[in-house]
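Chain by chain, the residues run as shown.
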Amino acid sequence: MNTISTDNVDETQCDMHDSRELNEEDSDLDQSYLGNFLVALYGASRFLGSRKLNRLIRRFVSRLEGGEMLSHSLRKIMRIYHGLQIGAYSYGCFDPTHFPPETQIGRYVSVGPKVGVYRRNHPMNRLSMHPYFYNPACGASAQDDVTSRRLCIDSDAWLGANALILPGCRYIGRGAVVAAGAVVTQDVAPYSIVAGNPARKICDRFSQHAIKAAEDSEWWLGKPSDLRNRFDMTRDWHAQTLDSANRTKQ
Ligand SMILES: CC(C)(COP(=O)(O)OP(=O)(O)OC[C@H]1O[C@@H](n2cnc3c(N)ncnc32)[C@H](O)[C@@H]1OP(=O)(O)O)[C@@H](O)C(=O)NCCC(=O)NCCS
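Residues numbered from 1 in each chain as written. Predicted model: local features only at pLDDT ≥ 70, side-chain atom pairs only at ≥ 80, totals over all residues.

### Here's the deal with the site of the ligand
Put simply, the test is: A molecule or strand has a residue near it when that residue's C-beta atom, placed from backbone coordinates, lies within 6 Å of it. Residue type decides the class: Asp, Glu, Lys and Arg count as charged, Ala, Val, Leu, Ile, Met, Phe, Trp, Tyr, Cys and Pro as nonpolar, and the leftover types, Gly among them, as polar.
Surrounding the ligand, one finds Ser110, Gly112, Gly160, Ala161, Val177, Ala179, Ala180, Gly181, Ile193, Ala195, Gly196 and Ile202. Residue composition of the shell around the ligand, by class: seven nonpolar, five polar and no charged.

As structure tokens, this is what we get:
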């Protein structure tokens, strides 16, 4: 089977802190009875080098299983053939030409159009930086020895349109916002909003108190239907946590 090589991946990177966010057997996902067949067909089509057919299969699988947010088999295809792990309800991150191998994406992650993720630089300390001298696909060297860095995008992060995530960024925290067009060169702290080139923090989404309440709730592990019953998803979260703190005081 044609799987992703993890050679030359920088293993010191952070992984998703909570493996429940990447559970492939997630009951929140839809799986068609044709799913396993289509996953195998995708492998055969990759072996034959047909990118067009691969794109068509991905699109078909997605339609069959309720779209990107819900498709179980699409996640399986991304993991087995493209080295990408994607949690339930996340969307916008199923194009392997924009999201390289060794990327982990949590649940409820929103990715805007034309987001680009790059996990390695050309070798700047060598005589030439051209792929002819490090990429086996170009025939000149036996082994690709340029290190790729892993990336973890935690649950409920939102990446705005045209954001660029460069190799210096290894972690985008839970609930973080990357503004449209931001060029991210460093890790992004949970619940922070970063913007600009190079991206800098402009503010936090919530107060520390509201962040703690969000973290304690572990809401991102739930299904949307249950969450709508447990929380008021339409109201300002900071105000809600203040209300509940005041009620406790009385
Ligand atoms: C980051 C974002 C969420 C902030 O929205 P907001 O809270 O309404 O923020 P404001 O427009 O009031 O801007 C706050 C500050 O951040 C700056 N800012 C906002 N977005 C910025 C961006 N994309 N790049 C650089 N600076 C930005 C503003 O200039 C402003 O700076 P100032 O305080 O010095 O004047 C929004 O600007 C954004 O980028 N949204 C992404 C939309 C998108 O890509 N949608 C695609 C569909 S998923």
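### Section: helix H4 (residues 208-217)
What counts is decided by this rule: Counts of 20 or more other C-beta atoms within 10 Å of a residue's own C-beta define buried residues, counts of 12 or fewer define exposed ones, and intermediate counts define partly exposed ones; C-beta atoms are placed from the backbone. By definition, any uninterrupted DSSP run of H or I lasting at least four residues is a helix, any uninterrupted run of E lasting at least two residues is a strand, and each is numbered from the N terminus. As used here, the arc belongs to the directions running from the helix axis to the C-beta atoms. What counts as a contact is two residues whose backbone-derived C-beta atoms lie within 7 Å of each other.
Every buried residue of H4 is listed here: Ala210, Ile211 and Ala214. Seen from one end, H4 has its buried residues packed into an arc of 105 degrees, which puts them on one side. Opposite its buried face, H4 presents the exposed residues Gln208, His209, Lys212 and Asp216, each directed more than 90 degrees away. Residues of H4 that are buried in the fold lie against helix H6 (237-249). Immediately beyond the C-terminal end of H4, within one or two residues, lies Glu218, with a positive phi of roughly 45 degrees.

### Quick word on the packing of helix H1 (residues 35-47) against helix H3 (residues 72-82)
Quick note on the threshold: Helix axes use the C-alpha atoms of the stretch in contact, all axes being lines fitted to C-alpha atoms, and the angles between their N-to-C directions lie in the range 0 to 180 degrees. For any helix crossing, the convention is left-handed if the near helix is rotated counterclockwise from the far helix by under a right angle, and right-handed if that rotation is clockwise.
Closest axis-to-axis distance for the H1/H3 pair is 9 Å, and the angle between their directions is 35 degrees. Viewed along their axes, H1 and H3 form a crossing whose handedness is right-handed. Contact with H1, carried on its side by Gly35, Leu38, Val39, Tyr42, Gly43 and Arg46, involves His72, Ser73, Lys76, Ile77, Ile80 and Tyr81 of H3 and no other residues of that element. Along the lines of polarity and charge, the residues of the contact of H1 with H3 split into six nonpolar, four polar and two charged.

### Re the nonpolar core
Here is the rule we go by: Nonpolar cores are identified as sets of buried Ala, Val, Leu, Ile, Met, Phe, Trp, Tyr and Cys residues joined via C-beta atoms within 7 Å.
Ile172, Val178 and Val184 are the most contacted members of the largest nonpolar core, which totals 51 residues. The greatest single-element share of this core, amounting to four residues, is contributed by H3. Apart from the residues lying within four places of it in its own chain, the contact partners of Val184 are Ala163, Leu164, Ile165, Leu166, Cys169, Val178, Val194 and Ala199.

### Comments concerning the sheet that holds strand E9 (residues 164-165)
Hydrogen bonds between backbone atoms are what pair the strands of a sheet, whose relative direction is either parallel or antiparallel. We count it as follows: Pairing between strands requires that DSSP locate at least two bridges from one strand to the other.
If you trace the three strands from one edge of the open sheet to the other, you get E5-E9-E12, paired in parallel fashion. A strand with exactly one partner marks an edge of an open sheet, and here the two such strands are strand E5 (116-117) and strand E12 (183-184). Two elements, E9 and E12, share two bridges in a ladder whose sense is parallel. From the neighbouring strand, Ile165 faces E12, where its bridge partner is Val184.

### A look at the sheet that holds strand E3 (residues 103-105)
Overall, parallel pairing links the four strands, which are arranged E2-E3-E7-E10 in an open sheet. Taken across any chain shown, the strands that pair with only one partner, and hence form the sheet edges, are strand E2 (84-86) and strand E10 (171-172). In this sheet, strand E7 (residues 151-153) lies alongside E3 in parallel orientation, the contact comprising three bridges. Within the sheet, the bridge partner assigned to Gln104 lies in E7 and is Cys152.

### Structural notes on H1
Here is the rule we go by: A helix's residues, less one, multiplied by 1.5 Å, set its expected span.
Between the first and last C-alpha of H1 there are 19 Å, a value that for 13 residues agrees with the 18 Å anticipated at 1.5 Å per step. Against helix H2 (51-64) and H3 lie the buried residues of H1. Just downstream of H1, Gly49 is the residue with a positive phi angle, here 75 degrees.

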